[in-house]
Amino acid sequence: MSVLNAILIGLATGLVFGFALEKSRVFEPGIIIGQMQLRNFLMLKIFLAAVITGLLVLSVLHGVFGVKLSLKPLLYKADLIGGLILGLGITIAGACPGTTMAQLGAGYRDAIFTVAGGLAGAMTYGYFDAPIMAFFAEKGDKVSFDKLLGIPFWAAALGLAVMFAAMLWGLETWSPSRNETGPDLDGLQEEAASQAATPLRTAHG
């Protein structure tokens, strides 16, 4: 693949991803923080929908067209510590690396500081790459559900897709997405209700 084709494919993928991100409202800081506080589950629902789609596509590509899969090794120390640091940063900033650009495009000025912090973190990691890699050095195994269950990949992928679809249906039934976005589609239902009630309390003394 040429560099130009790679750039064009990257731009097209980014446009589709950005469009879906904006329409789903997952880039909203209120939605992200609400998910971390377990006040709403719109973010989890979108992620489940993405995983289900990916499993279906991969089951077809691998099972029908024979596309080879490249598994990443399971690194317990790096995954656990890195996941905790990432989760803490997402909760504090109300953004993740994928949503920051969407927030900038939507006019959230705070996202500028998130981008600056991300760049500073990347530079710091670059300078301390050797000791960080030495600390997280471990031999990980390439684990997959199809190997654990002893069944073909397409069957495991379809089974997981069905399980996640049932989970998604249960979440949506328990807490509909239209009730989680809030009146301004920013995930701030409680704050909006509180602000709406303030003039009434003032008027009644």
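Our subject is the structure that appears above.
Predicted model, so just to flag it, every value in this text is computed and none were measured. (Residues numbered from 1 in each chain as written. Predicted model: local features only at pLDDT ≥ 70, side-chain atom pairs only at ≥ 80, totals over all residues. Heavy atoms only, no water.)

Asks: Run through the overall build of the protein, naming residues and quoting values.
Replies: When helices and strands are counted, the protein shows 11 helices and 0 strands. Listing the helices and strands of the protein from first to last along the sequence gives α-α-α-α-α-α-α-α-α-α-α. A compact globule built from 205 residues should have a C-alpha radius of gyration of about 17 Å, whereas the protein, at 21 Å, is more than 25% larger. Its C-alpha atoms give the protein principal-axis dimensions of roughly 70 × 45 × 35 Å. Residue burial in the protein is summarised as follows: out of 205 residues, 22% are buried. Within the protein, residue pairs in contact and separated by at least 24 positions form 65% of the contacts whose partners lie at least 6 positions apart. (Helix = DSSP H or I, 4+ residues; strand = E, 2+ residues; numbered from the N terminus. Rg over C-alpha atoms; globule rule 2.2 N^0.38 Å. Buried < 20%, exposed > 50% of the residue type's maximum accessible area, 1.4 Å probe, protein only. Contact = heavy atoms within 4.5 Å.)

Asks: Break down a nonpolar patch on the surface for me, with residues and values.
Replies: A cluster of nonpolar side chains, L74, Y76, L80, I81, I85, F135, V143, F145, L148, L149 and I151, forms an exposed patch at the surface whose accessible area comes to about 1100 Å². Those elements giving two or more residues to the nonpolar patch turn out to be α4 (76–93) and α8 (145–149). No other element matches the 4 residues that α4 contributes to the nonpolar patch. Inspection of the secondary structure puts F135 in helix α7 (residues 129–135). F135 sits in the partly exposed class, given a relative accessible area of 47%. (Patch = residues over 30% accessible without salt bridge, like charges linked within 9 Å, V, L, I, M, F, W, Y side chains within 5 Å. Areas by Shrake-Rupley, 256 points an atom, 1.4 Å probe, with all protein chains shown as cover. Salt bridge = Lys/Arg side-chain N within 4 Å of Asp/Glu carboxyl O.)

These results come straight from atomic positions and should not be treated as a statement about function.
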